[in-house]
Protein chains: 2
Amino acid sequence: MTQQFSPLKNDRLLRALRFEPVDATPVWMMRQAGRYLPEYKATRAEAGDFLSLCKDTDKATEVTLQPLRRFELDAAILFSDILTVPDALGLGLYFETGEGPKFKKTVRTEADIANLPKLSMVDLSYVTDAVTSIRHALGGQVPLFGFSGSPWTLATYMIEGGGSREYRHAKEMMYARPELLHALLAKITDAVTEYLDAQIIAGADLVQIFDSWGGALGHRQFAEFSHHYNREIIAKLKAKHSSTPVVMFTKGGGLWVDTQADSQADALGFDWSVPLNKARALLGKNKAIQGNLDPATLYGTTDNIRRAVSDMLHDVYDGGIHTGYVANFGHGITQWANPDHAKAFVDAVHEFKW
Amino acid sequence: MTQQFSPLKNDRLLRALRFEPVDATPVWMMRQAGRYLPEYKATRAEAGDFLSLCKDTDKATEVTLQPLRRFELDAAILFSDILTVPDALGLGLYFETGEGPKFKKTVRTEADIANLPKLSMVDLSYVTDAVTSIRHALGGQVPLFGFSGSPWTLATYMIEGGGSREYRHAKEMMYARPELLHALLAKITDAVTEYLDAQIIAGADLVQIFDSWGGALGHRQFAEFSHHYNREIIAKLKAKHSSTPVVMFTKGGGLWVDTQADSQADALGFDWSVPLNKARALLGKNKAIQGNLDPATLYGTTDNIRRAVSDMLHDVYDGGIHTGYVANFGHGITQWANPDHAKAFVDAVHEFKW
């Protein structure tokens with residue numbers, strides 16, 4: 001079944017990813033549908049908890065569109081969570097107030113891994129339904145991102161049973177039983193590939209893979225336990241959807257540009273620790289760049305936000321390539337950001353002339 | 001008052017920092033006196049809480065020496081905490097079971113900063129007493145590290161009132177009121193300089209500055225709000241104690257080798273995200289290198305620990321400089337490490353031949 005959607009009116013972001021000329025720098029914000037917006041909080045309160053909001057097609061569509069009404073964003077991103085996949089694998093995702101996400105079950109033994117079911121997209125039809133609904137609601141206004149967590153990042157939650165600071169159990173498996181971790185990562189890789197494939201079929205114009213905890217790894221371990229699987233997912237998606245762009249975002253991965261360059265990703269996302277002129281010098285036109293303002297910049301004055309945007313854009317464009325770049329933060333916008341300051345960020349990006 | 005101490009029997013680490021030939025690679029472990037050792041837990045139980053242990057000269061001396069009895073370490077490090085300085089500045093450090101360190105007071109306003117007292121080393125005489133006691137007890141076995149937190153790292157605790165994941169208030173001050181943060185950092189810089197000077201006078205053979213949260217900063221902010229002050233402390237210490245080595249450890253600072261190279265530090269410490277061959281290529285003989293095994297490596301088999309040590313030492317030595325390097329982890333050893341595996345790490349470093 002191929003969906004029929006309106007033609008795209010704003011393809012600035014897709015052009016930038018292809019290194020084609022753009023009239024202005026495209027910009028979006030990771031976690032742009034989020035708690036910093038009062039209208040988001042109102043819709044979420046109606047839905048009840050966070051997962052109910054993800055599973056309600058109309059409300060998930062509504063919160064996805066909310067930031068686009070306030071800001072001249074050049075992309076929308078599916079409202080969902082990276083932990084939908086482990087939840088669909090039977091781990092029992094839940095959220096406790098004031099704490100992060102948790103799972104009822106953990107995956108730590110050979111038997112735990114062997115007993116993981118194959119992903120059934122029936123359990124995730126609420127995600128593909130949301131993608132199709134959002135794509136229709138957008139009416140071609142901007143492209144729509146689908147997304148998934150990376151296998152390593154999802155594995156940390158599945159092994160630890162929730163968020164972690166030290167990754168004790170995940171790293172114990174990595175160093176003591178690497179073959180077990182590889183077996184788990186292979187299973188997650190299959191699930192993520194199927195999940196992203198389904199999102200693209202349902203209407204996602206492009207996808208982003210979030211390797212939120214890739215930066216917790218040693219440089220050799222990143223190549224072996226994270227990048228290797230990200231690369232495989234991207235290759236499989238490209239074999240089937242050659243024209244659908246893939247953005248690979250590894251938080252804390254700025255030291256490994258050379259490793260990360262070895263994939264079919266169209267763009268690499270960076271956090272604020274990375275001087276973008278150095279990333280550009282290493283990547284050239286091999287891959288576009290996305291990022292990387294510290295979202296805490298929004299706590300400052302609008303003058304300082306404009307200056308920070310200007311510094312960032314000078315970094316990435318001063319090598320002489322005036323496309324191949326998507327402005328964003330280096331991680332999600334925080335719940336404490338002032339929406340007017342988010343607007344100042346978006347507008348400053350568009351107003352910048354190189 | 002100049003102390004009289006025994007001459008040093010093992011100066012391998014000091015020789016490596018001066019790029020002099022060494023018979024084996026020197027090695028120590030951040031947080032080597034810690035909860036992974038049953039004898040540490042026994043002494044701590046006798047002392048009561050963590051702060052009482054720091055303040056008891058005999059017990060602080062005992063726990064400092066404990067790992068040296070088990071392992072052939074090439075340095076000792078003062079048993080203390082980086083938060084002694086903010087505590088001495090009147091913030092009221094306390095520890096709650098199962099949670100990190102906390103302060104009774106926070107420092108967030110102009111008045112809070114103006115009201116901070118000048119550091120009185122009388123309030124920290126327990127630290128200098130411990131340094132002198134440990135140095136005597138060592139009898140010249142190995143050199144003794146003193147240490148302090150960096151101004152930025154200490155500021156995060158003082159502003160947040162404890163540990164943090166997002167540094168909301170510290171970053172709000174940074175982006176909204178940078179002049180306030182600079183005023184606070186200037187005060188902490190004076191205190192840290194005096195604190196490290198006093199430790200050197202009391203008997204520390206060398207010192208390490210821990211910028212544990214430097215990696216949370218953007219690259220420009222690291223230079224302005226962290227490195228600038230670290231550099232100033234090191235310059236002031238060097239003006240007074242030109243032959244006392246200084247090791248500068250910035251967790252997450254591997255992207256900023258060029259910025260960090262601009263100081264009088266003798267060595268830079270790196271975490272496990274950094275390929276040491278790249279750091280060496282950038283630093284040459286300008287600065288020695290310390291680090292950088294993931295302490296979680298100890299969760300694996302001793303065979304895998306040996307392989308990881310070999311990989312790390314090949315990285316740092318393959319450029320042809322066979323000194324100027326101190327093996328260590330890239331952060332503190334964890335409470336879950338097996339002491340026998342810590343021994344395997346230390347022994348593997350010493351056995352490695354380049």
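So, here is what we can say about the structure in this document. Computed from a predicted structure; not experimentally measured.

What about the interface of chain B and chain A?
Residue-level contacts link 34 residues of chain B with 34 residues of chain A. Roughly 3200 Å² of surface becomes buried between chain B and chain A when both sides are summed, with 53% attributable to carbon and sulfur atoms. When the buried surface of chain B facing chain A is broken down by residue, Tyr175(B), Leu255(B) and Trp336(B) rank first, second and third, together holding 21% of it. Note that Asp311(A) is salt-bridged to Arg220(B), the shortest N-O span being 3.7 Å. At the boundary of chain B and chain A, one finds 16 residue pairs in polar contact (both at pLDDT 80 or more). Among the secondary structure elements, those contributing two or more residues to the side of chain B that touches chain A are helix H9 (168-176), helix H11 (219-240) and helix H14 (302-317) of chain B. For the side of chain B that touches chain A, the element with the highest residue contribution is H9(B), accounting for five residues.

Regarding the relation of the copies chain B and chain A
When chain B is fitted onto chain A, the two copies agree to an RMSD of 0.0 Å after a turn of 180° and an axial shift of 0.0 Å. One copy is carried onto the other by what is essentially a two-fold rotation axis. It is Leu255(B) whose C-alpha, among those of chain B, lies nearest the rotation axis, at 3.1 Å. Here 100% of the contact residues of chain B are again contact residues in chain A; the copies associate through an equivalent surface.

Quick look at the sheet that holds strand E5 (residues 206-211) of chain A
Residues and elements named next belong to chain A. Read across the open sheet, the seven strands follow the order E1-E4-E5-E6-E7-E8-E9; overall the sheet is parallel. At either end of the open sheet lies a strand with only one pairing partner, and these are strand E1 (76-77) and strand E9 (325-329). Strand contacts of helix H10 (residues 178-202): strand E4 (144-149) and E5, with the helix running at about 170° to E4, the strand carrying the most contacts.

So, the environment of Asn115(A)
Residue and element names in this part refer to chain A. Take Asn 115: it is sitting in the loop between helix H6 (110-114) and helix H7 (125-138). Residue classification places Asn 115 among the exposed positions, given a relative accessible area of 62%. Along the chain, Asn 115 and Val 85 lie 30 residues apart, while their C-alpha atoms are 15 Å from each other.

Thoughts on the pattern of salt bridges
Using the criterion set out here, one finds 44 salt bridges over all chains in the structure. For the salt bridge of Asp258(B) with Lys278(A), the shortest nitrogen-to-oxygen distance reads 2.7 Å. Pair noted here: Asp258(B) is in helix H12 (residues 257-261) and Lys278(A) is in helix H13 (residues 276-283), and the two residues belong to different chains. Look at Lys278(A) and you get partly exposed, because its relative accessible area is 36%. A salt bridge links Lys118(B) to Glu194(B); the shortest N-O distance between them is 3.4 Å. Of this pair, Lys118(B) sits in the loop between helix H6 (110-114) and helix H7 (125-138) while Glu194(B) is found in helix H10 (residues 178-202), placing the two residues 76 residues apart along the sequence. Judged by its relative accessible area of 69%, Lys118(B) is exposed. Residue class for Glu194(B) comes out partly exposed when judged on its relative accessible area of 27%. Residues participating in the shared-partner salt-bridge network are Arg12(A), Asp23(A) and Asp74(A).

Topic: the environment of His228(B)
Residues and elements named next belong to chain B. Looking at the element boundaries, His 228 is found in helix H11. His 228 sits in the partly exposed class, given a relative accessible area of 43%. Between the C-alpha atoms of His 228 and Pro 38, which are 190 residues apart in sequence, the distance is 40 Å.

A closer look at the side chain of Lys287(A)
Residues and elements named next belong to chain A. Looking at where Lys 287 falls in the secondary structure, it is placed in the loop between H13 and strand E8 (288-293). Among buried charged residues, Lys 287 stands out as having no salt bridge; its nearest opposite-charge side chain is Asp 266, 7.5 Å away. A distance of 2.7 Å separates the side chain of Lys 287 from the backbone oxygen of Ser 263, its partner in a polar contact. In this structure the side chain of Lys 287 is engaged in a polar contact, spanning 2.8 Å, whose partner is the backbone oxygen of Ala 265. Residues within four places of Lys 287 in sequence aside, it is in contact with Phe 19, Gln 260, Ala 261, Ser 263, Gln 264, Ala 265, Asp 266, Ala 267 and Leu 268.

Some thoughts on helix H15 (residues 339-351) of chain B
Because an α-helix completes one turn every 3.6 residues, residues spaced three or four positions apart along the sequence face the same direction. All names here are of chain B. The first and last C-alpha atoms of H15 sit 18 Å apart over 13 residues, in line with the 18 Å expected at 1.5 Å per residue. Buried residues dominate H15, accounting for 10 of its 13 residues. Listed as buried for H15 are Pro 339, His 341, Ala 342, Ala 344, Phe 345, Val 346, Asp 347, Ala 348, Val 349 and His 350. Check the buried side of H15 and you find it contacts helix H1 (12-17), helix H2 (38-47), helix H4 (57-70), strand E8 (288-293), H14 and strand E9 (325-329). Measuring from the side-chain oxygen of the N-cap residue of H15 to the backbone nitrogen of Asp 340 gives 2.8 Å; that N-cap residue is Asn 338.

What about the pairing of E8(A)?
All names here are of chain A. Taking burial as the measure, the six residues of E8 include six buried ones, the bulk of the element. Inspection of the sheet shows strand E7 (residues 267-269) paired to E8 by three bridges, in the parallel sense. Within E8, the residue paired with Ala 267 across the bridge is Ala 288. A crossover links E7 with its parallel partner E8, the connecting element being H13, and its sense is right-handed. As defined by bridge partners, E8 adjoins E9 across five bridges and the pair is classed as parallel. Note on E9: the bridge partner recorded for Gln 290 is Val 326. Taken together, E8, helix H14 (residues 302-317) and E9 constitute a β-α-β crossover, and its handedness is right-handed.

Concerning unusual backbone geometry
With the exception of glycine, most residues fall at negative phi, and the peptide bonds are largely trans. All names here are of chain A. Here the amide bond leading from Gly 291 into Asn 292 is cis, since omega sits at 0°, within 30 degrees of zero. With a phi close to 55°, Tyr 167 is a non-glycine residue in the positive phi region. Within the element layout of this structure, Tyr 167 appears in the loop between helix H8 (151-160) and helix H9 (168-176).

Some words on the packing of aromatic side chains
Residue and element names in this part refer to chain B. This model, assessed by the stated rule, comprises 25 aromatic pairs over all chains. With a centroid separation of 5.7 Å and an interplanar angle of 65°, the aromatic rings of Phe 50 and Phe 79 are classed as edge-to-face. Here Phe 50 is found in helix H3 (residues 50-55), whereas its partner Phe 79 is found in the loop between strand E1 (76-77) and helix H5 (84-91), with 29 residues between them in sequence. Here the two residues Phe 50 and Phe 79 agree in accessibility, since each one is buried. Ring centres of Phe 210 and Phe 249 lie 6.1 Å apart, and the angle between their planes is 80°; this geometry places the pair in the edge-to-face category. Residue Phe 210 is located in strand E5 (residues 206-211), and its partner Phe 249 is located in strand E6 (residues 246-250); the two are separated by 39 residues in the primary sequence. For the pair Phe 210 and Phe 249, a shared accessibility class is recorded, and that class is buried.

Quick word on the sheet that holds E8(B)
Residues and elements named next belong to chain B. Read from one edge of the open sheet, seven strands run E1-E4-E5-E6-E7-E8-E9, paired in parallel fashion. Lying at the two open borders of the sheet, with one neighbouring strand each, are E1 and E9. Strand direction decides the pairing type here: E1 and strand E4 (residues 144-149), joined by two bridges, are parallel. Within the sheet, the bridge partner assigned to Ala 76 lies in E4 and is Leu 144. This element, H11, spans E5 and E6 of the sheet and lies at about 170° to E5.

So, the nonpolar core
Ranked by internal contacts, the top residues of the largest apolar core, which has 262 residues, are Met29(A), Phe345(A), Met29(B) and Phe345(B). Discounting chain neighbours no more than four positions away, the residues touching Met29(B) are Tyr36(B), Phe71(B), Leu73(B), Asn328(B), Phe329(B), Ile333(B), Ala342(B), Phe345(B) and Val346(B).

Rules used in this analysis
- Residues numbered from 1 in each chain as written.
- Chains lettered and ligands numbered in written order.
- Predicted model: local features only at pLDDT ≥ 70, side-chain atom pairs only at ≥ 80, totals over all residues.
- Heavy atoms only, no water.
- Contact = heavy atoms within 4.5 Å.
- Buried area = accessible area lost by both parts, 1.4 Å probe.
- Salt bridge = Lys/Arg side-chain N within 4 Å of Asp/Glu carboxyl O.
- Polar contact = N/O pair within 3.5 Å; in protein donor to acceptor, adjacent residues only side chain to side chain.
- Helix = DSSP H or I, 4+ residues; strand = E, 2+ residues; numbered from the N terminus.
- Least-squares fit on C-alpha atoms with pLDDT ≥ 70 in both.
- Pairing = 2+ DSSP bridges.
- Axes fitted to C-alpha atoms, helices over the stretch in contact; angles between N-to-C directions.
- Buried < 20%, exposed > 50% of the residue type's maximum accessible area, 1.4 Å probe, protein only.
- Lys, Arg positive; Asp, Glu negative; His and termini not counted.
- Expected span 1.5 Å × (residues − 1).
- Right-handed = clockwise from strand over helix to strand, strands pointing away.
- Phe/Tyr/Trp six-rings, centres within 6.5 Å; stacked < 30°, edge-to-face > 60°.
- Core = buried A, V, L, I, M, F, W, Y, C linked by side-chain atoms within 4.5 Å.

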